[in-house]
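Listed below, chain by chain, are the residues.
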Protein chains: 2
Amino acid sequence: MKVYNFSAGPGMLPEEVKLEAQKDFVDYKGSGMSVTEMSHRSKWYDEIHMSALNDLRTLMNIPEDYYILFVQGGASQQFSAVPLNLLVKGKADYVVTGNFSGKAAKEAVKFGDIVVQATSKDKNFTYIPEGVRFRDDIDYVHICQNNTIFGSRYTARTYPVANAPIVADMSSMILSEEVDVTKYGLIYAGAQKNVAPAGLTIVIVRKDLVGHERADCPVMLSYKTQADADSLYNTPPCFTIYMAGLVFKYLLKLGGVKEIQKINEYKAGLLYDFIDNSDFYHNYVNPADRSLMNVPFVCASDELNAKFVKEAAENGLVSIKGHKLVGGMRASIYNAMPVEGVKKLIEFMKKFETENK
Amino acid sequence: MKVYNFSAGPGMLPEEVKLEAQKDFVDYKGSGMSVTEMSHRSKWYDEIHMSALNDLRTLMNIPEDYYILFVQGGASQQFSAVPLNLLVKGKADYVVTGNFSGKAAKEAVKFGDIVVQATSKDKNFTYIPEGVRFRDDIDYVHICQNNTIFGSRYTARTYPVANAPIVADMSSMILSEEVDVTKYGLIYAGAQKNVAPAGLTIVIVRKDLVGHERADCPVMLSYKTQADADSLYNTPPCFTIYMAGLVFKYLLKLGGVKEIQKINEYKAGLLYDFIDNSDFYHNYVNPADRSLMNVPFVCASDELNAKFVKEAAENGLVSIKGHKLVGGMRASIYNAMPVEGVKKLIEFMKKFETENK
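Residues numbered from 1 in each chain as written. Chains lettered and ligands numbered in written order. Predicted model: local features only at pLDDT ≥ 70, side-chain atom pairs only at ≥ 80, totals over all residues. Heavy atoms only, no water.

Residues and elements named next belong to chain A. Assigned domains within chain A: domain 1 (17-254) and domain 2 (256-356). Computed over C-alpha atoms, the centres of domain 1 and domain 2 are 27 Å apart. Counting from both sides, the interface comprises 28 residues of domain 1 and, opposite them, 26 residues of domain 2. When the buried surface of domain 1 facing domain 2 is broken down by residue, Ile 149, Arg 153 and Leu 254 rank first, second and third, together holding 22% of it. Taken together, the connections running from domain 1 to domain 2 amount to 1 salt bridge. With its nearest N and O atoms 2.3 Å apart, the salt bridge here joins Asp 289 to Arg 157. Only β6 (146-147), β7 (152-153) and α6 (238-254) provide two or more residues apiece to the side of domain 1 that touches domain 2. (Domains from an automatic or database assignment. Contact = heavy atoms within 4.5 Å. Buried area = accessible area lost by both parts, 1.4 Å probe. Salt bridge = Lys/Arg side-chain N within 4 Å of Asp/Glu carboxyl O. Helix = DSSP H or I, 4+ residues; strand = E, 2+ residues; numbered from the N terminus.)

In this section: the interface of chain A and chain B. Listed per partner, the contact involves 58 residues of chain A and 58 residues of chain B. Across the chain A to chain B interface the summed buried area is about 4300 Å²; carbon plus sulfur atoms make up 57%. Inspection of the region where chain A meets chain B yields 4 salt bridges. Across the salt bridge formed by Lys 18 of chain B and Glu 37 of chain A, the nearest N and O atoms sit 2.8 Å from each other. Taken together, chain A and chain B are joined by 22 residue pairs in polar contact (both at pLDDT 80 or more). Of all the elements in the fold, those that place two or more residues in the side of chain A that touches chain B are α1 (15-23), α3 (74-86), α4 (99-108) and α6 of chain A. When residues of the side of chain A that touches chain B are assigned to their parent elements, the largest contribution, 6 residues, is made by α1 of chain A. Per-class residue counts for the side of chain A that touches chain B are 27 nonpolar, 22 polar and 9 charged. (Polar contact = N/O pair within 3.5 Å; in protein donor to acceptor, adjacent residues only side chain to side chain. Nonpolar A, V, L, I, M, F, W, Y, C, P; charged D, E, K, R; others polar.)

Here the focus is the pattern of salt bridges. All names here are of chain A. Within the structure shown, the criterion is met by 52 salt bridges over all chains. Ionic pairing is found between Asp 137 and Lys 91, a salt bridge with its closest N-O pair at 2.7 Å. Note that Asp 137 is positioned in the loop between β4 (113-119) and β5 (140-144) and Lys 91 in strand β3 (residues 91-96), a separation of 46 residues in sequence. Here Lys 224 ties to Asp 228 by a salt bridge, and the two come within 2.9 Å at their closest N and O atoms. One end of the pair, Lys 224, and the other, Asp 228, are both in helix α5 (residues 223-228), 4 residues apart, so they sit about a helical turn from each other.

Turning our eyes to something else, we now look at the nonpolar core. Generally speaking, soluble globular proteins have nonpolar side chains that are buried together. Counting residues in each nonpolar core, the largest one holds 196 residues, and the members touching the most others are Phe 308 of chain A together with Phe 308 of chain B. If sequence neighbours within four positions are ignored, Phe 308 of chain A has contacts with Tyr 281, Phe 297, Ile 320, Met 329, Leu 345, Phe 348, Met 349 and Phe 352 of chain A. Within the second largest apolar cluster, 68 residues are counted, among which are Leu 221 of chain A together with Tyr 188, Val 203 and Val 219 of chain B. (Core = buried A, V, L, I, M, F, W, Y, C linked by side-chain atoms within 4.5 Å. Buried < 20%, exposed > 50% of the residue type's maximum accessible area, 1.4 Å probe, protein only.)

So, on to the packing of α3 of chain A against α4 of chain A. Residues and elements named next belong to chain A. Put simply, α3 and α4 touch, their axes get as near as 9 Å, and they point 45° apart. As far as their axial angle goes, α4 and α3 are oblique. Here α3 and α4 pass one another in a crossing that is right-handed. Residues Phe 79, Ser 80 and Pro 83 of α3 touch α4, and the partners they reach there are Phe 100, Lys 103, Ala 104, Glu 107 and Ala 108. (Axes fitted to C-alpha atoms, helices over the stretch in contact; angles between N-to-C directions. Parallel < 35°, antiparallel > 145°, perpendicular 65-115°, else oblique. Left-handed = near helix turned anticlockwise from the far one by under 90°.)

A word on the packing of aromatic side chains. Within the structure shown, the criterion is met by 38 aromatic pairs over all chains. Considering the side-chain rings of Phe 125 of chain B and Phe 150 of chain B, the 4.8 Å spacing of their centres and the 55° angle between planes classify their relative orientation as tilted. Residue Phe 125 of chain B is located in the loop between β4 (113-119) and β5 (140-144), and its partner Phe 150 of chain B is located in the loop between β6 (146-147) and β7 (152-153); the two are separated by 25 residues in the primary sequence. Accessibility classification places Phe 125 of chain B together with Phe 150 of chain B in one group, the buried group. Centre to centre, the rings of Tyr 159 of chain B and Tyr 184 of chain B are 5.3 Å apart; their planes meet at 85°, and the pair counts as edge-to-face. Remark: Tyr 184 of chain B occurs in the loop between β8 (166-169) and β9 (186-190) and Tyr 159 of chain B occurs in the loop between β7 and β8; sequence separation between them is 25 residues. Both residues of the pair, Tyr 159 of chain B and Tyr 184 of chain B, belong to the buried class. Within the aromatic cluster, the residues linked to one another by ring pairs are Phe 25, Tyr 28, Trp 44, Phe 239 and Tyr 242 of chain A together with Phe 25, Tyr 28, Trp 44, Phe 239 and Tyr 242 of chain B. The aromatic ring of Trp 44 of chain A is capped on one face by Lys 43 of chain A, whose charged end is 4.1 Å from the ring centroid. Over the ring of Tyr 67 of chain B we find Lys 207 of chain B; its NZ or CZ atom is 5.1 Å from the centre of that ring. (Phe/Tyr/Trp six-rings, centres within 6.5 Å; stacked < 30°, edge-to-face > 60°. Lys NZ or Arg CZ within 6 Å of the ring centre and 35° of its normal.)

Put into structure tokens, the structure is as follows:
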């Protein structure tokens, strides 16, 4: 059975990327080796690594005054690395719009004077706060650009205005829509939703922010360590970076982020329109703040929700259960989810509604 | 051309493991998904994850009072995590027998009172110091069990005697020979040499040593974080753990570590015997301290060494160049290097000697 994977992460990868990786898995382009076992100092891997860095720079239009780092540990590791590297005055402001931005703020408290200047917790994170005021003497403002669990995202309307660099966790939306990198001091993203298998974290950081880490910053959390070594300070997750590189080439061939954004807006539009025109399914996120990537929705009862999740899986629509903090369902429709998958989901939702109304 | 990869890491993986991963790459056992894209909270992945943990416990005979953690960042990240988690009194002693143990000690100085009690630097790390005395009031002693660059290893003769837990970096020898885990407080190893593709680090830690981390220990470096979550605190490197799991099953089928140790001793024996009976090639490590995994050797001149490396590669014996700190050649003959590969190398060495004597 053809399966569509609505998991919030790791997420689907493009079919042609998987097929190419499979074809070259045992013998990469006549090298006689698998990418899983070649030296990270070999000419074979060097080409993979440098192409991936360059292609990401092209895709996101990242200026030369930003480093791109390939690191490990996920966004959770960046929750520590950001304050360890960026706190110079010792102060930062956070906006808490969901689970992970809350965790980021909690972790940062270990390292400095951290103030949560706004949160949407009062309405179970169904919106993004507007017009937030920040302190004047801070090192940075931290936001989570897209809230995977609650299905909301920042847009131009809510983008924070501050007298300090903006740091954004883009784990669940990187490469899904155009972003003006120059508006950020630092962007980080776990790769496992939109880019690659789990085990790679992308950091994009303005060069002037690097090199001011605390004296006791663990070596692998120092941006300078990785920047000075082109992310080859120690053995990087070579195969995962290779897969990321294949995805970058796939996106370039497709026409870049601009093109995938159009497809993503179309996919999300189909699903939100269907939900909004139904009185059987509900999405409670403020329409202007809705995520393009993660679409939570509920039926009228926990029993119906459980039945939906079970029957959806039986129909090849898997990992659609909502996070326990929200309940119900969540369709994560990352870049690699084909339009066809969203249409199949809507078809199933119609059928389920008819059978259970 | 059949290629034998003598890289110091990432290293070769067993042929049958690669073929199985390739076969299941796009559709894992009828799930309709690749392991590279399935949710780490899915039943599919849960089985992969828990089997890998259990199989490693069986292979290394790890008692129940030890946690096994699957983390990220390589041994270099453990250079920080060990002192952050284990320093309670604030003091630790290190033995420096090569490049990585030196880096480990240097990093630990950020976090406590660290003394290097012995080093073999005086003879360019060609031996392991014996009978080292340690302080009585320390939290741990740190050693590197096998020195990848210099080709030496700890044995029963040199194993440290101390009034504190022993912490060992086993990156380049884990699962290559039997180890009595109960003699250690903590074992860590980057997986990319003997276990899996790069991007996974294994930590084996006695339970009573966990939970005493510094208040400002980054969340992802805390052993307690990962121990409490079965290494699923955030998204783990799922595909890399899957590959590790395949290697564990392969080793179990082979008869366990005991059996692979015999093969490793045979392979290393062939190569050392050949070198010792030659006056064209030299290995300068104290014979009793020689590594089973990494065999450095040199010819009489830098020119000959460079020629050897070049011609070896042309003959399918790749990544055999020695580390710049030692020069010459280094044959890394990890678990997955077949006996055939070592024999081909010796054949080539004979031929090269005849042509260049």
